[in-house]
Amino acid sequence: MTETDGSTQLFGGVANVRAKAQNIHDTPRFYDGDENGVDDRVTADDMDEARQSNMAYEYLCHLEEAKNWIEACIEDDLGATMDIEETLRNGVILARLGHYFAPEVVPERKIYDLDLERFKQRGLHFKHTDNINFWMRAMASIGLPQIFFPTTPDLYDKKNMPKVIYCIHALSIWLSKLGKAPNIENLLGIAEFTEEEITEMRRALEDYGISIPAFNKIGGILEKEIGVDEAGKHAAVIVINEVLQKEDPEITLKALQNKKAYLNYIEVANSVRYHEILFLAKLDKTETALEEGKTSEESDIYEFYLTHTEIQDIIDDINDIVRKEIAESKFRAAILEINKRALGDCAESLLAALQVTASRLKNVNDSNSDLYLEFLKAAKLSKKEGNLNAEEIQEVLELANEEMRKRRDLEGALRILHENFLASNIEGTFEALHHAAFKLPTLHKNAAPKYQATLFFELAKVQDRAEKEGVEDALSLRLTHPQIQECIKAVNNQLKEVRRFAEAIANINGCLVQDDPQETLNALHVQAAGIKEVLERCADDYHVWIKEGISVKKTEAESADGDSSWIEMRSPDNQIFFYNPESKDLVWVKPEGASDVSYYMAQDEIQWIVSRVTAKRLRDEWFDDNVDKVVRLQSIARMSMARKRYKDRLRFLHENEAAALRIQCLWRGYQVRKELRDRRLYLQQNMRHIIRIQAWVRGYQIRKNYLQLTQDKPSVQVLYKFLYLLDQSAVDHAEEAELRKHKANIVKEIRHNQQLEKEINDMDIKIGLLVKNRLTLQDVVTASKKLKKGGEVVPKNRGLKELSKESREMLESYQHLFYLLQTNPKYLAKLLFSMPQNNCTKFMESVVLTIYNYGTNSREECLLLRLFENALKEEVQRKVDKVQDISTGSPTVIKIVVGYYRGTQGNQNSLKSLLGPLIEQVMEDRDLNMNIHPLEVYKAWISRTETETGEPSKLPYDVTPEQALKHKEVTDEIENTIKKLVKIIKSFQEKIIGTVDQMPYGIRYMAMCLRKNLKEKFPESSEEEILKAVGNLLYYRYMNPVITAPDSFEVIDLAAGSNMNNVQRRNLGSIAKILQHAASFKIFDSDARYLASLNSFIKTAYIKFMEFFDAASTINDIDEHFNMDEFSDVTMLNKPMIFISPNEISSTHQLLLDHQKQLTEGEEDPMNEVLSALGPVPEDEAMLGDKSTEFGLVLTNKWELNMSDESNIQALFSKTKYLIVDLLKIQRGDTFTAILHSPANAQQQELYKAIHSRRLAAENEKDSEDEKNSKMALFDPNDTTIEKLKEHILKNLQILEQHKLVTPTEDYQEILTSIAKDICNQRKYRQRRKQDLKKIGETVERMNKKKKYYGEAVTYYQEYVKACVNNLSKGNKSKKGDRRKTAKYSAQKLYEKGVLVEIDKVHISSYKAVTIEFSTTDQVGVFEVSGKLSGFNIDKINVVFENLLQLQYEGVSTLKFEEAGVVVNVNLLIFLLNKKFYGVE
């Protein structure tokens, strides 16, 4: 049986002995209070706190052990134990330790900052990590297992200092075994530390948040990691088992200390216990083996002996037991000593006993020693039996600390109070009275001066009384706490009485507002007001008179300066104070700014009024008691006076009766006329309103009818009411005539210019042929010279530019093809989504943008936008399944559009002007740091605190975001940053929203197209969802990357070599992130609670963004913006040109052939015609030329502009509407079908004839025959009667029915609806006609310029051709000065040279007799050819050299002159003429 196997018997054998030893030595011995004062009642919290304190104590012991061992090795003092962790961080001490045991690995000269000067001045530097690395290399060089090694951050950043101390312990044991260093001490239970040190270390361990390594298991781990002399170890273990029988602890100790036994932590003081417990364990194991029937001869020796592991475990247990016993003994002794000294009179000795570490007491303050003695002595005496236990002592200490704190607070409060009221500082006195130590009742701010005066007078009384009693230094006396309380209480009582008085007076003033005399009377009866002589029956009078008095005071107060709401009052005890009924404020000093005149009445003024009213009422009551007598006297006097007046009047009327009647008649007439004048005057004065009323009534009737007109299916009856709006005025007819005239002229000019252009092209070919002929001739001469010299001639390859008919036709076909691709974007749009997706973007950037010259001018930008529009529509229809795909996916077209409009120079400038200033402002603010992540803010706060204090932070470095947010400093920093961020974001949003008109037209137009396409495909989607998708294009894809990385888009100007720093990028990233949240309405949820305060801002900003997206995606039409129409291309002086390589041409050609079916719509599609003319892609490189070289390809349109409207069914539809309107004006009916089939009466016939005559006269007045015969004319002279008009209408309706434009069963509702729309849009039609006139006028002007340009070009080309032909003849004139030159040949010779092919009716054998003569004529480029056969002349022939070149260009090999019957070889004839007449001598 092996040692390992034997160790498994520990549970049944040695474990029993260890349990007994544990019971003997490890059981806490709690004595009752009679013996040592230790209470055995311990709570769970106390046990947990004790465990944590014990752990901190053990770690401090390990720190002390490591410090002492390092000091012994390097022979230097390391300072206090609590500072050892900070001392080791720079690695200098550890590097010196590495130099101590491995000097070859760590030379002393390589230790950075050896004298610590750098560290003392500036703190840690990253090069200090080199020292840490040297130390680790030294440990690795001696073979210390890597399991003990800490990481560099564990030490440098203090992330795991216990692991560093653990490594130092392992290193000490390892070096001790190697004999390179002394043993490390075991100070557990020996070293002593103060309670503050243990508490501080406990907090530090809690901040680390890690478990303390098991220091007692280092030895076992080292044994497993290194090779051990098993034989020596086995022998040493056997010796230990044998010496246990000798009962001599010293011998046992020596055996345990044998190095070959590999036992650790052997304490000499515990040798007796080692011997006893090991002996019992061995005895127990032997008894167990014997009970199982095992014998020493047959069994393994470890069945009876202790194994190495069992011995080491017992040693460790005994060491722990002894340490705990020592600590417990010290604890009991300390408690007994405190109980003993508590009965003495020396506070200092008691304080020393309380501060002993073994006592485990907390919060012992040196300054409270006397109070501790007083409280502990009282507690000890109050406890009848036994001593005070630790918990009771701790409780007494807390009570004493609290009492001392209260005394100090009260003393400080008294001192501050006396300082303030002696200095007459009312506010300071009031604030001092609020101190909690005074325990005063409620204090009133308005009574602060009263408090000040009362306290001052009370202090004067105390000092006077003390001075009378003979107290020395009486003036230095202070008020006591009870005296202060009495003063405050007296002032508060007085304040209550005064307030009741003031409120009673204010109540009297306030009752008048309610206008209730009874309430006023009740207020006057309030005893606190002190109003006398109040009578119940005078309530109304009191109310009226007091109200009048207040009104007078308000009038006076309005003219006075200051606040008139304060009332100056005198209390019943004759003290003046001021009261404000509005704010309920009561002050003893006149407020600053208070007026001398108040809005309210004071008590004395109210008393005066009450007294006057009461006196008056009493007087009136006296009169009331004698009212009968007074009334009788008054009645007699009035009767006498009335009778006299009546008699006088009656007498006057009798005397003037006639005059009275006349006056009455005049008066009645005057009244009637006055009423009539007043009515007329009223109508005249209100004429504008009357007209408005009449207009409103008429407008209401018209609007009511108009609503019927705008319905889906307006009836004929509704149309009758508005047909007059379609009547054409003289101006309308004139404008229509002018428009038709211009259009006709434009067609003529276009055709004329096309003919001129064709002539120019022909002249261009002729010039090219002449030049080519000249160059060819020179090449032949040069080649002949080279051939004579033995050189090689290489023909030139010009590809599409080669001047041959085949190359010319291919070039023209490619010109037609790329013009068609450029002007019809549907082909490229379909092609982009027909090819593989991975080739789409590359094809777009390399070929498509080339076709449009990257939108370098308005025409090409307009066409490129048309392509983007069609491509976007294709992508939405094919690949977008829901609106959200625009935001979540990566649409190809949107990506290309954004890249194009963000990459071109003009649009970059737009973004730069839009966002550049704001971005630069953010970047230039060096103090701006928009870090809102809790962890980063938390770490920055710790770093800032450490920098400011120079001390390491006690907070943990690695925390979760939730833990970081628990710190108020972190949340405050985030809130402040958010406020700054919101302010900056608002400026960005306002700038973006306010500059919508500055955005490129193209990006806004694409936003409008995206919005339109999404509405068409997803009609059920809300407007908000679609605007979000539009916002994804406008902001997220177009603007957001510019804000995030402005340097990548050249929005900001950076100096050469400079870059944006991380803070700037983070600031801009935070701005862009919140803006994106606002644009997409993304609210911060529980995962980012610290940003929840931004949600309200996001909601507000989202609404603004929606308005911005709506405005940005609403823009005018593309043709209107770029001023493009159907005449734009035909009026250009210079044809459009693109620069493209033959390789791009061939690849585009091949793609179109591969996807021809997907791109075209039927066999008549123009693309089929162009591709058919081109055929397959040329394989011969000679046809295209150098594929890598770009050249300018001029684009031409193969199809002429068609201005005929007869083929357009819409023209017929419009003409039919015109005829129907004429019919509806004359004849009426219930339905349109009924009108068509009902006969017209004579009156209607006459009316139509009159209309027809006027129309016919207008037609005859037209200026030109073209206008009279124009097929576009809506008037037909043959419709002379209503029946013919109806026949014409029915014929047109049948044609329209065949094209499914009208439905007879529905009463031709489609055409009636169209007429209704024409009525509604008549104003728009006139505006559009004016715009068309303006644009056509501009077109005519451009056409005239182009006509002039082409005319000049034709003249110039003709002169140039003549000059070219003249130049051919230069230098080859006759030497005699004769301008004519001849050359004679026999027909046989010309036949042999191949020039002559045959001569009709002349045999080859007769060719020798034929002489042919070539001679020049007066006309340049024309040759006269004559011949003779046996003396007879042959008909002369004129040969035009240009015609020969044209035949050669067209590939004609032979030419027959019909007059002479002569057939010649064209190429050889040109060669002969070149040689004889244009050749180089």
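Residues numbered from 1 in each chain as written. Predicted model: local features only at pLDDT ≥ 70, side-chain atom pairs only at ≥ 80, totals over all residues. Heavy atoms only, no water.

Some points on the overall build of the protein
Part 1 of the reasoning: Scanning the protein from N- to C-terminus turns up 58 helices and twelve strands.
Part 2 of the reasoning: A burial count over the protein gives 42% of its 1481 residues as buried.
Part 3 of the reasoning: Sequence separation of 24 or more characterises 71% of the internal contacts of the protein that already satisfy a separation of 6 or more.
Part 4 of the reasoning: Surface accessibility of the protein: about 82,800 Å² in total, with carbon and sulfur atoms responsible for 51%. (Helix = DSSP H or I, 4+ residues; strand = E, 2+ residues; numbered from the N terminus. Buried < 20%, exposed > 50% of the residue type's maximum accessible area, 1.4 Å probe, protein only. Contact = heavy atoms within 4.5 Å. Areas by Shrake-Rupley, 256 points an atom, 1.4 Å probe, with all protein chains shown as cover.)

Observations concerning the sheet that holds strand β7 (residues 1396–1399)
Remark on secondary structure: sheet strands pair via backbone hydrogen bonds, oriented parallel or antiparallel.
Part 1 of the reasoning: The sheet built from three strands is open, its strands ordered β7-β12-β11 with antiparallel pairing. Strand pairing shows two members of the sheet lacking a second neighbour, β7 and β11 (1454–1457), which therefore form its edges. Mean inter-strand twist for the sheet, computed between neighbouring axes without regard to direction, equals 15°.
Part 2 of the reasoning: Bridging between β11 and strand β12 (residues 1462–1465) involves four bridges; their strand directions are antiparallel. Paired with F1457 across the strands is V1462, a residue of β12.
Part 3 of the reasoning: Across the sheet, helix α58 (residues 1466–1477) is in contact with β11 and β12; its angle to β12 comes to roughly 75°. (Pairing = 2+ DSSP bridges. Axes fitted to C-alpha atoms, helices over the stretch in contact; angles between N-to-C directions.)

A closer look at the sheet that holds strand β3 (residues 585–587)
Part 1 of the reasoning: Ordered in space as β1-β2-β3, the three strands form an open sheet in which the pairing is antiparallel. A single partner strand is all that each edge strand has here, and the edge strands are β1 (567–570) and β3. The average undirected angle you get between the axes of adjacent strands in this sheet is 30°.
Part 2 of the reasoning: Bridge analysis of β1 against strand β2 (residues 576–580) gives four bridges, and the strand direction is antiparallel. When the bridges of β2 are listed, R570 appears paired with I576.

Considering the pattern of salt bridges
Part 1 of the reasoning: Evaluation of the coordinates by the stated rule reveals 25 salt bridges.
Part 2 of the reasoning: Where E392 meets K383, a salt bridge forms, and the shortest distance between an N and an O atom there is 3.0 Å.
Part 3 of the reasoning: By relative accessible area, E392 is classed as partly exposed at 25%.
Part 4 of the reasoning: A salt bridge links E1023 to R1011; the nearest nitrogen and oxygen atoms lie 2.5 Å apart. Taken as a pair, E1023 in helix α41 (residues 1023–1044) and R1011 in helix α40 (residues 1001–1017) lie far apart in primary sequence, twelve residues in all. (Salt bridge = Lys/Arg side-chain N within 4 Å of Asp/Glu carboxyl O.)

A word on the environment of R332
Part 1 of the reasoning: Here R332 lies in helix α15 (residues 308–342).
Part 2 of the reasoning: Overall, R332 belongs to the buried group, its relative accessible area being 16%.
Part 3 of the reasoning: Along the chain, R332 and A358 lie 26 residues apart, while their C-alpha atoms are 8.4 Å from each other.

Describing a negative patch on the surface
Part 1 of the reasoning: A cluster of acidic residues, D45, D46, E391 and E395, forms a negative patch on the protein surface.
Part 2 of the reasoning: Among the secondary structure elements, those contributing two or more residues to the negative patch are α3 (44–74) and α18 (390–422).
Part 3 of the reasoning: In this fold, D45 is placed in helix α3. (Patch = residues over 30% accessible without salt bridge, like charges linked within 9 Å, V, L, I, M, F, W, Y side chains within 5 Å. Lys, Arg positive; Asp, Glu negative; His and termini not counted. Charge placed at Lys NZ, Arg CZ, Asp CG, Glu CD.)

Points about helix α14 (residues 271–291)
Part 1 of the reasoning: Along its 21 residues, α14 runs 30 Å from first to last C-alpha, staying within 8% of the 30 Å computed at 1.5 Å per residue.
Part 2 of the reasoning: Among the residues making up α14, those that are buried are S271, Y274, H275, I277, L278, A281, K282, D284, K285, T286, T288 and A289.
Part 3 of the reasoning: A positive phi of about 80° marks G293, the residue just after α14. (Expected span 1.5 Å × (residues − 1).)

Brief notes about the packing of aromatic side chains
Part 1 of the reasoning: Applying the stated criterion across every chain yields a total of 13 aromatic pairs.
Part 2 of the reasoning: When the ring of F1232 is compared with that of Y1308, the centres are 5.9 Å apart and the planes differ by 90°; the resulting orientation is edge-to-face. Pair noted here: F1232 is in helix α50 (residues 1232–1237) and Y1308 is in the loop between α53 (1282–1298) and α54 (1309–1320), with a separation of 76 residues, a long-range link.
Part 3 of the reasoning: What makes Y1308 buried here is its relative accessible area of 11%. (Phe/Tyr/Trp six-rings, centres within 6.5 Å; stacked < 30°, edge-to-face > 60°.)

Describing helix α10 (residues 195–208)
Side chains of residues three or four places apart in an α-helix project in the same direction, reflecting 3.6 residues per turn.
Part 1 of the reasoning: Helix length check: α10 (14 residues) gives 20 Å between terminal C-alpha atoms against 20 Å at 1.5 Å per residue, within 8%.
Part 2 of the reasoning: Taken together, the buried positions of α10 are occupied by E195, I198, T199, M201, R202, L205 and Y208.
Part 3 of the reasoning: Downstream of α10 by a residue or two, G209 has a phi angle that is positive, lying close to 70°.

Here's the deal with the packing of helix α33 (residues 858–879) against α40
Part 1 of the reasoning: As a packed pair, α33 and α40 sit with axes 10 Å apart at the nearest point and diverge in direction by 30°. In terms of their interaxial angle, α33 and α40 are classed as roughly parallel. Seen from above, α33 lies across α40 with right-handed handedness. Across the interface between the two elements, L865, R866, F868, E869, L872, K873, V876, Q877 and R878 from α33 touch Y1001, G1002, Y1005, M1006, C1009, L1010, N1013, L1014, E1016 and K1017 from α40.
Part 2 of the reasoning: Within the contact of α33 with α40, the residues separate by chemical class into ten nonpolar, three polar and six charged. (Parallel < 35°, antiparallel > 145°, perpendicular 65-115°, else oblique. Left-handed = near helix turned anticlockwise from the far one by under 90°. Nonpolar A, V, L, I, M, F, W, Y, C, P; charged D, E, K, R; others polar.)

Quick word on a nonpolar patch on the surface
Part 1 of the reasoning: The grouping of I693, W696, V697 and Y700 at the surface amounts to a nonpolar patch, some 440 Å² of accessible area in total.
Part 2 of the reasoning: Relative to the assigned elements, W696 resides in helix α27 (residues 687–709).
Part 3 of the reasoning: Judged by its relative accessible area of 54%, W696 is exposed.

A word on the packing of α14 against α15
Part 1 of the reasoning: Following both chains from N to C, one finds α14 and α15 inclined at 135°, their axes separated by 10 Å at the closest point. Relative to α15, the element α14 is oriented oblique. Between α14 and α15 lies a crossing whose hand is right-handed. Of α15, the residues touching α14 (which contributes R273, Y274, I277, L278, A281 and K285) are E310, I311, I314, I315, I318, N319, I321, V322 and E325.
Part 2 of the reasoning: Within the contact of α14 with α15, the residues separate by chemical class into ten nonpolar, one polar and four charged.

Observations regarding the nonpolar core
Part 1 of the reasoning: Of all hydrophobic cores here, the largest spans 129 residues; its most connected members are L817, F818, F868, F988 and I1071.
Part 2 of the reasoning: If you tally residues by element for this core, the top one is α41, at eleven residues.
Part 3 of the reasoning: Not counting residues up to four positions away in its chain, the partners in contact with F868 are M844, L849, V893, I896, V897, Y900, Y901 and M1006.
Part 4 of the reasoning: Ranked by size, the runner-up nonpolar core spans 59 residues in total, among them F101, I198, M201 and Y208. (Core = buried A, V, L, I, M, F, W, Y, C linked by side-chain atoms within 4.5 Å.)

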